[in-house]
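# Tertiary structure, described
Given next are the chains, with one letter for each unit.
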Amino acid sequence: MMIEDMKMIKKINHVAIVVPELADAQKFWVEALGLELGSVAQVPEEGVEIAFLPVGDSEIELISPTEADSGVARYLAKRGPGMHHICLEVADIEATLARLKTAKIPLINEEPAVNKNGTRYAFIHPKGANGVLVELYELTGQAA
Ligand code: CO
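Residues numbered from 1 in each chain as written. Predicted model: local features only at pLDDT ≥ 70, side-chain atom pairs only at ≥ 80, totals over all residues. Heavy atoms only, no water.

## A closer look at the pattern of salt bridges
Within this structure, the stated rule accounts for 6 salt bridges. Taking the shortest distance from any N to any O, the salt bridge between Glu110 and Lys101 comes out at 4.0 Å. According to the relative accessible area criterion, Lys101 is partly exposed, its value standing at 34%. Note that Glu111 is salt-bridged to Lys101, the shortest N-O span being 3.6 Å. (Salt bridge = Lys/Arg side-chain N within 4 Å of Asp/Glu carboxyl O. Buried < 20%, exposed > 50% of the residue type's maximum accessible area, 1.4 Å probe, protein only.)

Here it is as structure tokens:
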């Protein structure tokens, strides 16, 4: 492994968990475990609401469906609550995606998308990642 390879992935940015209700999930993550509730956001275009709970340098992301026909609602109906994806923060998302394409790893997003905070993200298909949905994040500006 080359030195540049090790710098490509910076850290685990967050681990995401699908839950039926954010308020109910907080009974464990906030009240029992003592994590702080960070940002909560509605993402109507994906039919979900999302809460971020900081844990040291990383975060727990709780995702809950707000629409019965959203992808996350179908995921929840099929598999029940649980781990949804892990998100790796990368220095250069274009370079990471190019490298994965060269390695013939199946991608959900061939090109990075941009979220409300300006963070560029893309998902790797679980069939290329040992059954785990992996998200890549490249932070820009002051997005967290
Ligand atoms: Co995520």
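## A word on the pairing of strand S3 (residues 48–55)
Buried residues dominate S3, accounting for 6 of its 8 residues. Here strand S2 (residues 40–43) runs beside S3; their pairing, made up of 4 bridges, is antiparallel. Pairing of Val40 across the sheet is with Ala51, part of S3. In sequence, S2 turns back onto S3 through a hairpin of 4 residues, with Gly47 there showing a positive phi of about 65°. Where S3 lies against strand S4 (residues 58–65), 8 bridges are found, and the strand directions are antiparallel. Of the residues in S4, the one forming a bridge with Phe52 is Glu61. Linkage of S3 to S4, two consecutive antiparallel strands, is achieved through a turn of 2 residues, within which Gly56 is found at a positive phi near 55°. (Helix = DSSP H or I, 4+ residues; strand = E, 2+ residues; numbered from the N terminus. Pairing = 2+ DSSP bridges.)

## As for the coordination of the cobalt ion
The cobalt ion binds to the protein through His14 (NE2), Glu61 (OE), His85 (NE2) and Glu135 (OE), with metal-donor distances spanning 2.1 to 2.4 Å. With 4 donor atoms in place around the cobalt ion and angles of 80 to 168° between them, the coordination shape is irregular. Coordination of the cobalt ion draws on donor residues from a single chain, spaced H-x46-E-x23-H-x49-E in sequence. Pair noted here: Glu61 is in strand S4 and His85 is in strand S5 (residues 82–90), with a separation of 24 residues, a long-range link. (Donors = N, O, S within 2.8 Å, 3.2 Å for Na, K, Ca; no water. Tetrahedral: all angles 85-135°; square planar, octahedral: opposite > 155°, others 65-115°.)

## A short note on the sheet that holds strand S7 (residues 120–124)
Taken in spatial order, the 8 strands line up as S2-S3-S4-S1-S5-S8-S7-S6 in an open sheet, and their pairing is mixed. Edge positions in the sheet fall to S2 and strand S6 (113–114), since each has one partner strand and no second. Across the sheet, helix H3 (residues 71–79) touches strand S1 (9–18), S3, S4 and S5, and the angle it forms with S4 is around 90°. (Contact = heavy atoms within 4.5 Å. Axes fitted to C-alpha atoms, helices over the stretch in contact; angles between N-to-C directions.)

## Considering helix H4 (residues 93–102)
If you check which residues of H4 are buried, you get Ile93, Thr96, Leu97 and Leu100. Buried residues of H4, seen end-on, are gathered within an arc of 95° and therefore sit on one face of the element. Downstream of H4 by one or two residues, Lys104 has phi in the positive range, about 60°. (Arc of directions from axis to C-beta.)

## Focus: the pairing of S7
In terms of residue burial, S7 counts as a mostly covered element, since 4 of its 5 residues are buried. Where S6 lies against S7, 2 bridges are found, and the strand directions are antiparallel. Residue pairing across strands places Ala113 opposite Tyr121, the latter belonging to S7. Connecting S6 to the antiparallel partner S7 that follows it, the hairpin turn spans 5 residues, and Gly118 within it adopts a positive phi of roughly 85°.

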